[in-house]
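Secondary and tertiary structure notes
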Amino acid sequence: MLSVTTNGSGSVTYNGTNIRNETSTFEVHEETSATITFIPDNGCRTKSVIINETNVTKDISDNQYTISNINSNTTIEVEFEAIPSIIEFADANVKAICVANWDTDGDGELSEEEAAAVSDLGDVFKYSKTLTSFNELKCFTGLTFIGQAAFYESSITSVVIPNSVSTIKTSAFHRCPNLNFVSLGNSVKRIEDFALSGCPKLHSIIIPKNVSSITARALSYENGAFTSIIVENDNSTYDSRNN
């Protein structure tokens with residue numbers, strides 16, 4: 001007996017039968033072979049193929065797998081999934097750091113799903129002298145803060161903060177000599193001491209409407225470069241219209 005179960009966005013064909021989100025059973029002769037064909041929907045892929053509790057996913061070739069010498073009561077479980085959206089990094093060095101730390105499926109890429117699962121950047125970018133732009137940080141939607149000294153004394157040039165972030169912690173971008181562009185997410189509420197100070201090329205910044213706390217040394221310490229600090233009009237705490 002051969003039993004085939006499928007789940008997700010795709011189907012399996014065996015012996016002229018198409019199997020989709022169901023279990024089908026077939027009478028087979030023992031010690032014969034059976035070729036299974038996997039047909040993921042558009043934008044999907046075969047996530048896993050389990051035969052008698054053994055994962056054979058890596059052995060699939062051209063969306064097919066052949067079982068040799070079938071024994072009685074062979075079970076096949078197939079699961080399909082959407083192909084992850086791969087992040088296209090502008091900076092290869094940023095990508096290398098991200099892949100080294102958060103590529104959970106080992107494909108050498110970072111998907112939006114993998115990025116969204118990150119809750120803390122830690123210090124993997126701290127002191128890095130090979131960074132340029134990291135606008136793809138906007139894809140890290142699991143972050144609620146940019147941690148203390150996360151990019152301290154790095155060579156980062158530009159960054160887009162995800163809308164999930166509410167706090168830019170102490171010294172997050174302190175002493176980044178090449179930083180010239182920062183886009184603060186709409187959810188940022190607090191900018192702590194030295195978070196964006198000591199960045200001589202950062203001349204302007206827009207303070208979003210939800211920011212309610214900017215500590216005294218968040219922007220100014222070791223930094224005389226700001227020529228424009230614009231506060232969004234509907235911010236209830238800060239106002240830049242008369243500056």
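The shown structure was predicted, so the numbers you read here are calculated from the model rather than taken from an experiment.

**Observations concerning the overall build of the protein**
Of the regular secondary structure elements, the protein holds two helices and 18 strands. Against the 2.2 N^0.38 benchmark of 18 Å for 243 residues, the protein shows a C-alpha radius of gyration of 26 Å, more extended than a compact globule. Seen through its principal axes, the protein has C-alpha atoms that stretch 85 × 35 × 25 Å. Sorting the 243 residues of the protein into buried and exposed places 44% on the buried side.

**Here we look at the nonpolar core**
Core analysis: the biggest nonpolar cluster contains 44 residues, and Phe 140, Ile 146, Phe 151, Ile 168 and Phe 173 have the highest contact counts within it. Sorting the residues of this core by element identifies α1 (92-102) and β16 (204-207) as the ones contributing at least two each. The leading source of residues in this core is α1, at four residues. Among all residues touching Ile 168, those that are not within four sequence positions of it are Ile 146, Ile 161, Phe 173, Leu 184, Val 188, Arg 190, Ile 191, Glu 192 and Ala 195. Counting 19 residues, the second-largest nonpolar core is a separate cluster that includes Val 49, Ile 70, Ile 76 and Phe 80.

**Brief notes about the packing of aromatic side chains**
Taken as a whole and judged by the stated rule, the model has nine aromatic pairs. Ring plane angle 15 degrees and centroid distance 5.1 Å describe the contact between Phe 125 and Phe 151, whose orientation is recorded as stacked. With Phe 125 in the loop between α2 (112-116) and β10 (133-134) and Phe 151 in the loop between β11 (145-146) and β12 (158-160), this pair connects stretches of sequence that are 26 residues apart. Considered together, Phe 125 and Phe 151 belong to a single accessibility category, that of buried residues. A centroid spacing of 4.9 Å and a plane angle of 5 degrees characterise the contact between Phe 151 and Phe 173, whose relative ring orientation is stacked.

**A closer look at the sheet that holds β10**
Spatial strand order, β10-β12-β14: three strands in an open sheet with parallel pairing. Pairing within the sheet leaves two strands with one partner each, and these edge strands are β10 and β14 (181-183). With three bridges connecting them, β12 and β14 associate as parallel partners. Looking at β14, one finds that Val 159 is bridged to Val 182.

**Examining the sheet that holds strand β15 (residues 190-191)**
In space, the four strands of this open sheet follow the order β11-β13-β15-β17, with parallel pairing throughout. The strands lining the two open edges of the sheet, one partner per strand, are β11 and β17 (213-214). Across two bridges, strand β13 (residues 167-168) lies against β15 in parallel orientation. By the bridge assignment for β15, Ile 168 is matched with Ile 191.

**Considerations on the side chain of Ser 155**
With respect to the helices, strands and loops of the structure, Ser 155 is situated in the loop between β11 and β12. We classify Ser 155 as buried; its relative accessible area is 8%. A polar contact is formed between the side chain of Ser 155 and the backbone nitrogen of Thr 130, at a distance of 3.4 Å.

**Thoughts on α1**
Within α1, the full set of buried residues consists of Val 94, Ile 97, Cys 98, Val 99 and Trp 102. For α1, the secondary structure elements touched by its buried residues are α2 and β10. The backbone nitrogen of Asn 93 lies 2.8 Å from a side-chain oxygen of the residue at the head of α1, namely Asp 91.

**Here we look at the pattern of salt bridges**
Within this structure, the stated rule accounts for eight salt bridges. Measuring nitrogen to oxygen at the nearest pair gives 2.8 Å for the salt bridge that ties Arg 45 to Glu 81. One end of the pair, Arg 45, is in strand β6 (residues 44-51); the other, Glu 81, is in strand β9 (residues 74-82), and 36 residues separate them in sequence. Residue Arg 45 is classed as partly exposed on the basis of its relative accessible area, which comes to 29%. The exposure class of Glu 81 is partly exposed, given its relative accessible area of 22%. One connected set of salt bridges, linked through shared partners, spans Arg 45, Glu 81 and Asp 105.

How each quantity is defined
- Residues numbered from 1 in each chain as written.
- Predicted model: local features only at pLDDT ≥ 70, side-chain atom pairs only at ≥ 80, totals over all residues.
- Heavy atoms only, no water.
- Helix = DSSP H or I, 4+ residues; strand = E, 2+ residues; numbered from the N terminus.
- Rg over C-alpha atoms; globule rule 2.2 N^0.38 Å.
- Buried < 20%, exposed > 50% of the residue type's maximum accessible area, 1.4 Å probe, protein only.
- Core = buried A, V, L, I, M, F, W, Y, C linked by side-chain atoms within 4.5 Å.
- Contact = heavy atoms within 4.5 Å.
- Phe/Tyr/Trp six-rings, centres within 6.5 Å; stacked < 30°, edge-to-face > 60°.
- Pairing = 2+ DSSP bridges.
- Polar contact = N/O pair within 3.5 Å; in protein donor to acceptor, adjacent residues only side chain to side chain.
- Salt bridge = Lys/Arg side-chain N within 4 Å of Asp/Glu carboxyl O.

Functional significance is not addressed by these values, which are geometric in nature.
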